[in-house]
Amino acid sequence: MASKSYKAGFKKYYGNRLDNISNETTEGEIKRIYDDWAGEYEESLVVAAGAIYYKPFTESFDEIVKQVIKDKPKDKMKIIDVAAGTGLIGVELQKLGYTNLHALDISQEMLKEAEKKDVYKKFVCAALNDQRIPEIETGEYDALVCGGTMLTGHIRSSALVEMIRIVKVGGLICFNIRDGQLVDYQGTISELETSGKWEIVSKTVIPFFESDGMPKETMVFIYKVLDVIT
Ligand SMILES: C[S@@+](CC[C@H](N)C(=O)[O-])C[C@H]1O[C@@H](n2cnc3c(N)ncnc32)[C@H](O)[C@@H]1O
């Protein structure tokens, strides 16, 4: 992972799973890592590493939905949880009243774990990257959330265009990035702002992990889609 200072923490709680992740890591390798990890992922992330971001992440999203999306009840909003993993974010969204949830992930095994949570209506096993995902229509979703996955070797900045494509104009895109990783995304984020594709609605700092050696804070960004990408 990019930021060297957390390598010891990742090693301690995740074993050697993320040792060799870099910008050169292939989607095939990522899929294999998470397929292997799926059954123990929450034990590592939540119990050992003390991840606590998923609740404040969804609360930040909820706060902005209340301000921006006034014409649709929460349970009617069609939301895609990108890189849903085992469904930690989906569970919190459901508690807040969002029940029309779809999950997308590159790893079928992670999606199988997510299915057990019983909060998603549809599962899409696909990689989010710079390619169009044929089974998702342009402007299909009222909102997209992506928690804990905008990081080295995972969802790259080139995927931001596809994120915008699948959300309708006026819809929201919510993701978190921790400080040391923002440099990999900032250029594309700004280009998309300058070209009028989206605008920032909110940027907040939330707690991330509690255990020693792990990043303590992350930034939640919420963008509003302004233009159709075809
Ligand atoms: C760190 S986990 C985060 C999962 C979940 N959002 C959470 O907060 O617990 C990263 C997830 O992203 C998925 N993933 C990584 N790169 C991906 C990509 N390019 N497209 C889709 N899923 C991806 C992995 O399979 C894994 O389930």
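Quick caveat: nothing in here was measured; it's all calculated off a predicted structure.

J.: It is not clear to me how the site of the ligand should be interpreted in this structure. Could you clarify?
T.: Around the ligand, the structure places 20 residues, and the nearest of them are Tyr34, Ala83, Gly85, Ser107 and Gly148. Broken down by class, the residue content of the shell around the ligand amounts to twelve nonpolar, seven polar and one charged.

J.: Help me understand the confidence of the model for the protein in this model?
T.: Predicted coordinates in regions of low pLDDT should not be interpreted in detail. Residues of the protein with pLDDT of at least 70 account for 98%, and the chain-wide mean is 96. Taken element by element, the protein is modelled with least confidence in helix H1 (residues 7-14), mean pLDDT 94, and with most confidence in strand E1 (residues 79-82), mean pLDDT 99.

J.: Please explain the sheet that holds strand E6 (residues 198-207) as it appears in this structure.
T.: Sheet strands associate in pairs through backbone hydrogen bonding, adopting either a parallel or an antiparallel arrangement. Here we have seven strands laid out as an open sheet, ordered E3-E2-E1-E4-E5-E7-E6, and mixed in their pairing. The open sheet is flanked by strand E3 (122-125) and E6, the only strands paired with a single partner. Averaged over all pairs of adjacent strands, the angle between strand axes in this sheet comes to 15 degrees, irrespective of strand direction. Note that E6 and strand E7 (residues 217-225) share nine bridges and pair antiparallel. Across the sheet, the residue bridging to Trp198 is Val225, located in E7. In the packing of helix H4 (residues 54-68) onto the sheet, the strands contacted are strand E4 (141-146), strand E5 (167-177), E6 and E7, and the crossing angle to E6 comes to about 145 degrees.

J.: Would you mind going over the environment of Tyr6 with me for this structure?
T.: Among the structural elements, Tyr6 can be located in the segment before H1. As for Tyr6 and Asp212, which are separated by 206 residues in sequence, their C-alpha atoms are 9.6 Å apart.

J.: Looking at this structure, I do not really get the nonpolar core. What am I missing?
T.: What tends to happen in soluble globular proteins is that the nonpolar side chains get buried as a cluster. Of all hydrophobic cores here, the largest spans 63 residues; its most connected members are Val82, Leu144 and Ile173. Not counting the four nearest positions on each side in its chain, Leu144 is found in contact with Ile80, Val82, Met163, Ile166, Val167 and Ile173.

What counts and what doesn't
Residues numbered from 1 in each chain as written. Predicted model: local features only at pLDDT ≥ 70, side-chain atom pairs only at ≥ 80, totals over all residues. Near = placed C-beta within 6 Å. Nonpolar A, V, L, I, M, F, W, Y, C, P; charged D, E, K, R; others polar. pLDDT = per-residue confidence, 0-100. Helix = DSSP H or I, 4+ residues; strand = E, 2+ residues; numbered from the N terminus. Pairing = 2+ DSSP bridges. Axes fitted to C-alpha atoms, helices over the stretch in contact; angles between N-to-C directions. Contact = placed C-beta atoms within 7 Å. Core = buried A, V, L, I, M, F, W, Y, C linked by C-beta atoms within 7 Å. Buried ≥ 20, exposed ≤ 12 C-beta atoms within 10 Å, placed from the backbone.

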